[in-house]
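Working through the structure, step by step
Listed below are the residues making up each chain.
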Amino acid sequence: NSPKTNLWLCFVFAKQKGASDKEMKMLDKGLQNFAAIASQLNCDVNFPGAGAAGGLGAGSKLFLNTHIQSGTDFLINYTRLEERIKEADVVITGEGKLDIQTLSGKVMDGVATLARRHNKKLIIIAGSCELSKKQIDQMGITQLITLKDNNTSEVEAIEMAKDHLKIKAALIQM
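Residues numbered from 1 in each chain as written. Predicted model: local features only at pLDDT ≥ 70, side-chain atom pairs only at ≥ 80, totals over all residues. Heavy atoms only, no water.

Next up on the list: the sheet that holds strand β2 (residues 121-129). Spatial ordering of the open sheet is given by β1-β2-β3, a layout of 3 strands whose pairing is parallel. If you trace the sheet from one side to the other, it starts and ends with β1 (90-98) and β3 (143-146), each paired once. When strand polarity is set aside, the average angle formed by the axes of neighbouring strands in this sheet is 20°. Strand direction decides the pairing type here: β2 and β3, joined by 4 bridges, are parallel. By the bridge assignment for β3, isoleucine 123 is matched with glutamine 143. (Pairing = 2+ DSSP bridges. Helix = DSSP H or I, 4+ residues; strand = E, 2+ residues; numbered from the N terminus. Axes fitted to C-alpha atoms, helices over the stretch in contact; angles between N-to-C directions.)

Attention shifts here to the confidence of the model for the chain. Taken as a whole, the chain shows an average pLDDT of 87; of its residues, 93% reach a score of 70 or greater. Of all the helices and strands in the chain, helix α1 (residues 7-16) carries the lowest mean pLDDT, 66, while helix α5 (residues 81-87) carries the highest, 98. Taken as a whole, residues 1-7 scores under 50 in pLDDT and shows 20 contacts with residues more than four places along the chain or in a different chain. (pLDDT = per-residue confidence, 0-100. Contact = heavy atoms within 4.5 Å.)

Once that is clear, we can look at the packing of aromatic side chains. Going through the model one piece at a time under the given rule, you end up with 2 aromatic pairs. Plain terms: the ring middles of phenylalanine 34 and phenylalanine 63 are 6.5 Å apart, the flat faces sit at 50° to each other, and that makes the pair tilted. Here phenylalanine 63 lies in helix α3 (residues 52-64) and phenylalanine 34 lies in helix α2 (residues 21-40), a separation of 29 residues in the sequence. An angle of 15° between the planes, with centres 5.5 Å apart, marks the rings of phenylalanine 74 and tyrosine 78 as stacked. Here tyrosine 78 and phenylalanine 74 lie together in helix α4 (residues 71-78), a separation of 4 residues that amounts to about one turn. According to the relative accessible area criterion, phenylalanine 74 is partly exposed, its value standing at 42%. By relative accessible area, which is 63% here, tyrosine 78 ends up exposed. (Phe/Tyr/Trp six-rings, centres within 6.5 Å; stacked < 30°, edge-to-face > 60°. Buried < 20%, exposed > 50% of the residue type's maximum accessible area, 1.4 Å probe, protein only.)

Shown next as structure tokens:
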């Protein structure tokens, strides 16, 4: 669940994308201005999911009069993922970076929830991981393989992802 259009949104997501402190302050002012204009048009853009995909949720509600729903729920239902997980022996999935946002309604969190619900082994291959051991255990992750490790920098993991994935995939323990 992406946070509402507020300071937290800007100062978390913009920083993730490489914005400087000065740029984040400018972006925050822009978000506040956008929310004020939307309010004048009788559209509240402060709702869960408003900031998802760079503010696409808020923009589509304001300009296209759309109904907003959880992207994770949509994907799980559309792909019939729960049915597939019920039938599976093991769930193998991937994520660029496991971090606190992973636990906030991202698709990975939904997959982990379904794997736990159906007592399935969950193996995740990720670019990197910033979660604690406790958070990893709470997600029900059986095996976590990261491309970034003591021997591989983040830059190398990104630039050589295909090669590292081939090597790391061999580490999967079924």
